[in-house]
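# Topology and contacts: notes
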Amino acid sequence: MYFKYFTIISGFVIFIFSSCTNPTREQATSQSDGSGTPVIEESYLRKGGEITGTVFKNMSGKLKNAMEVGGVSGAIEYCNLAASPLVDSLSRAHSVSIKRTSSKLRNPENAPSTLEMAVIKEYLNPDPGGELPSPKVVIDQHQIHYYAPIFLMDNCLKCHGGVSQDIADADYTVIKRLYPEDQAVGFKTGELRGIWSLTFPRDK
Ligand code: HEC
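### Re the site of the ligand
- Taken together, 21 residues are adjacent to the ligand, and Cys79, Arg106, Cys156, Cys159 and His160 come closest.
- A distance of 2.8 Å is found between an oxygen atom of the ligand and a side-chain nitrogen or oxygen belonging to Asn107.
- Contacts to the ligand include His160, whose side-chain N or O atom sits 2.9 Å from a nitrogen atom.
- Top contributing element to the shell around the ligand by residue count: helix H3 (residues 39–75), with four residues.
- Among the residues forming the shell around the ligand, the class breakdown is 12 nonpolar, five polar and four charged.

Okay, here's the thing in structure tokens:
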């Protein structure tokens, strides 16, 4: 008898708890493809990976060319997503907002939201012995968020490495003039530089 009440009550508590922590969980998992990853999640992981991969490739190419021609100061504008016609057309084609953010910013306009900051912290402090930071999809009532870590590579050092070591003083003068609040320096190869944050509307 008591056991029966306990089962009913605890079932109810679990229902309330799960429905307020993640209202879309049930809907998302109900369409599983058998691999354990819900179909919506999987398709947005793929979509997000394709979009960020395309942007990254385009941007790296432009940065490399511009640096060869005009050095660091001539390439500075090519690490700005807002100035990229490709980002603009991909955003429209996929109805997605495409952003990069970090806990150490160069441009304050790229500041993280509360949710983005939580993801950055999670990527910065992975569980000991746990998985390495990897792309993830978070579904809420109105939007689908795609997040992915951005690691620093050797060819980023001239603009995000150590000042006076990797970054020439003359180049840093130009960076500081354009971005007086710059904090995006002192990174080493392989460190987390920031994250991609893509937001899709849910009903698309
Ligand atoms: C030629 C200099 C230069 C190089 C090389 C460069 N960046 Fe940047 N980076 C910048 C500038 C300038 C900004 C600010 C762009 C803006 O106004 O949004 C920036 C912004 C960023 C941001 C957005 C967050 C913020 O701090 O505002 C990320 C993430 C980033 N860079 C990562 C990288 C990575 C990863 C590489 C190497 C693949 C790289 N950058 C190479 C100059 C550079």
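Once the structure has been displayed, the description carries forward.
### Remarks on the layout of surface pockets
- By volume, the largest pocket is sized at about 1,100 Å³.
- In this structure, the largest pocket is lined by 44 residues; those nearest its centre are Met59, Leu63, Cys79, Arg100 and His160.
- Among the elements of the structure, H3, strand S1 (97–101), strand S3 (143–151), helix H6 (157–160) and strand S4 (192–201) are those that each provide at least two residues to the lining of the largest pocket.
- Broken down by element, the residue count for the lining of the largest pocket peaks at eight residues, all from H3.

### Topic: the side chain of Asp182
- Secondary-structure assignment places Asp182 in the loop between helix H7 (169–178) and S4.
- Look at Asp182 and you get buried, because its relative accessible area is 8%.
- At 2.8 Å, the side chain of Asp182 and the side chain of Arg106 are in polar contact.
- Excluding residues that lie within four positions of it along the chain, Asp182 makes contacts with Leu105, Arg106, Tyr172, Ile175 and Lys176.

### Observations regarding the pattern of salt bridges
- Applying the stated rule across the entire model yields five salt bridges.
- For Lys64, the salt bridge identified is with Glu68, shortest N-O distance 3.5 Å. Residue Lys64 and its partner Glu68 are both found in helix H3; the two are separated by four residues, about one turn of the helix.
- With relative accessibility at 57%, the residue Glu68 sits in the exposed group.
- Of the charged contacts, one joins Arg106 and Asp182 as a salt bridge, the two residues approaching to 2.8 Å between their closest N and O atoms. Note that Arg106 is positioned in the loop between S1 and helix H5 (114–124) and Asp182 in the loop between H7 and S4, a separation of 76 residues in sequence.

### Observations concerning the sheet that holds strand S2 (residues 136–139)
- The four strands are arranged S1-S4-S3-S2 in an open sheet whose pairing can be described as antiparallel. The sheet is open, and its two edges are formed by S1 and S2, each paired on a single side. Taken over all neighbouring pairs, the strand axes of this sheet differ in orientation by 20° on average, direction set aside.
- Sheet topology places S1 next to S4; five bridges connect them, and they run antiparallel. By the bridge assignment, Ser97 is partnered in S4 with Thr199.

### Observations regarding the packing of H3 against helix H4 (residues 85–94)
- It is at 10 Å that the axes of H3 and H4 come closest, and there the two elements cross at 165°. Looking at the two axes, H3 sits roughly antiparallel to H4. Along this stretch, H3 crosses H4, giving a crossing that reads as right-handed. Here Lys47, Ile51, Thr54, Val55 and Asn58 of H3 come into contact with H4, specifically with Leu86, Val87, Leu90 and His94.
- Of the residues assigned to the contact of H3 with H4, the class counts are five nonpolar, three polar and one charged.

### Some words on the packing of aromatic side chains
- The full count for this structure, using the stated rule, is one aromatic pair.
- Geometrically, the ring pair formed by Tyr44 and Phe200 is edge-to-face, given 4.8 Å between the ring centres and 70° between the ring planes. Of the two residues, Tyr44 sits in helix H3 while Phe200 sits in strand S4, which places them 156 residues apart along the sequence.
- We note Lys104 situated over the ring of Phe187; from NZ or CZ to the ring centre the distance is 4.5 Å.

Cut-offs and rules
- Residues numbered from 1 in each chain as written.
- Predicted model: local features only at pLDDT ≥ 70, side-chain atom pairs only at ≥ 80, totals over all residues.
- Heavy atoms only, no water.
- Near = heavy atom within 4 Å.
- Polar contact = N/O pair within 3.5 Å; in protein donor to acceptor, adjacent residues only side chain to side chain.
- Helix = DSSP H or I, 4+ residues; strand = E, 2+ residues; numbered from the N terminus.
- Nonpolar A, V, L, I, M, F, W, Y, C, P; charged D, E, K, R; others polar.
- 1 Å grid on protein atoms, 1.4 Å probe; cavity = no way out; pocket = protein on both sides within 12 Å on 5 of 7 lines; lining within 4 Å.
- Points joined across faces, edges and corners; volume = space filled by probe spheres on them.
- Buried < 20%, exposed > 50% of the residue type's maximum accessible area, 1.4 Å probe, protein only.
- Contact = heavy atoms within 4.5 Å.
- Salt bridge = Lys/Arg side-chain N within 4 Å of Asp/Glu carboxyl O.
- Pairing = 2+ DSSP bridges.
- Axes fitted to C-alpha atoms, helices over the stretch in contact; angles between N-to-C directions.
- Parallel < 35°, antiparallel > 145°, perpendicular 65-115°, else oblique.
- Left-handed = near helix turned anticlockwise from the far one by under 90°.
- Phe/Tyr/Trp six-rings, centres within 6.5 Å; stacked < 30°, edge-to-face > 60°.
- Lys NZ or Arg CZ within 6 Å of the ring centre and 35° of its normal.

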